[in-house]
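So you can see what is in the structure, the chains are spelled out below.
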Amino acid sequence: MVFDSPQGVVIEHGTSRSGRWLRARRTRIALWIAVAEGLLVAIHVIPWTLGILFAALIVVLALWVLRNIRSDTIHQLAWIAGVSQALVALVPILVLVIGTLALIAVAILALAALAALFADRA
């Protein structure tokens, strides 16, 4: 991490130039990766079960790398991979939740229509 001080710029110990560049942009990179992969899962280019299994594998690998590797650049890349795959894993879950909510809404509308039809008959 880079800090400004009265004497100039202070660079956090143990970082590299590429690691600092990745750290400054890692959230944006992870989100764009997740959007691209999530779109592929949503339009069924990648089966959601395969997407979830791949995401889980990458998250576990990223956690291992984050604990055991000292390289700043590798650390930032592992963070990006782990976060993007965790976000991708949420896509099928969100599709399932939104689909379920849509079915519940349709059922409620159907029940309201039936109630209106039967009330009109009586």
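Worth saying up front: this structure is predicted, and the values here are computed from it rather than measured.

(A) Representation of the packing of helix 2 (residues 48-68) against helix 3 (residues 72-121). At a closest axis distance of 8 Å, the pairing of helix 2 and helix 3 adopts a crossing angle of 150°. It follows that helix 2 is roughly antiparallel to helix 3 by the angle criterion. Crossing of helix 2 over helix 3 shows left-handed handedness. Facing helix 2, whose interface residues are Trp-48, Ile-52, Phe-54, Ala-55, Ile-58, Val-59, Ala-62, Val-65 and Leu-66, helix 3 presents Ile-74, His-75, Ala-78, Trp-79, Ala-81, Gly-82, Gln-85, Ala-86, Ala-89 and Pro-92. In the contact of helix 2 with helix 3, the residues fall into 16 nonpolar, 3 polar and no charged.

(B) Looking closely at the packing of aromatic side chains. Applying the stated criterion to the full structure yields 0 aromatic pairs. Positioned above the aromatic ring of Trp-79 is the side chain of Arg-26, whose terminal nitrogen or guanidinium carbon lies 4.0 Å from the ring centre.

(C) Spotlight on a nonpolar patch on the surface. Together, Leu-90, Ile-93, Leu-94, Val-97, Ile-98, Leu-101, Ile-104 and Ile-108 line one region of the surface with nonpolar side chains, adding up to about 750 Å² of accessible area. Among the secondary structure elements, Leu-94 is positioned in helix 3. Under the relative-accessibility criterion, Leu-94 is labelled partly exposed at 49%.

(D) Structural detail: helix 2. Given a rise of 1.5 Å per residue, 21 residues ought to cover 30 Å, and the 30 Å separating the end C-alpha atoms of helix 2 matches this to within 8%. Considered for burial, the residues of helix 2 that qualify are Gly-51, Ala-55, Ile-58, Ala-62 and Val-65. Within helix 2, the buried residues cover an arc of 90° as seen down the axis, which keeps them to one side. The outward face of helix 2, more than 90 degrees from its buried face, is lined by the exposed residues Leu-53, Leu-57, Val-60, Leu-63 and Arg-67. Summarising the contacts, the buried residues of helix 2 are in contact with helix 3.

Criteria and cut-off values
- Residues numbered from 1 in each chain as written.
- Predicted model: local features only at pLDDT ≥ 70, side-chain atom pairs only at ≥ 80, totals over all residues.
- Heavy atoms only, no water.
- Axes fitted to C-alpha atoms, helices over the stretch in contact; angles between N-to-C directions.
- Helix = DSSP H or I, 4+ residues; strand = E, 2+ residues; numbered from the N terminus.
- Parallel < 35°, antiparallel > 145°, perpendicular 65-115°, else oblique.
- Left-handed = near helix turned anticlockwise from the far one by under 90°.
- Contact = heavy atoms within 4.5 Å.
- Nonpolar A, V, L, I, M, F, W, Y, C, P; charged D, E, K, R; others polar.
- Phe/Tyr/Trp six-rings, centres within 6.5 Å; stacked < 30°, edge-to-face > 60°.
- Lys NZ or Arg CZ within 6 Å of the ring centre and 35° of its normal.
- Patch = residues over 30% accessible without salt bridge, like charges linked within 9 Å, V, L, I, M, F, W, Y side chains within 5 Å.
- Areas by Shrake-Rupley, 256 points an atom, 1.4 Å probe, with all protein chains shown as cover.
- Salt bridge = Lys/Arg side-chain N within 4 Å of Asp/Glu carboxyl O.
- Buried < 20%, exposed > 50% of the residue type's maximum accessible area, 1.4 Å probe, protein only.
- Expected span 1.5 Å × (residues − 1).
- Arc of directions from axis to C-beta.

Without other data, these values stay purely geometric and don't point to any function.
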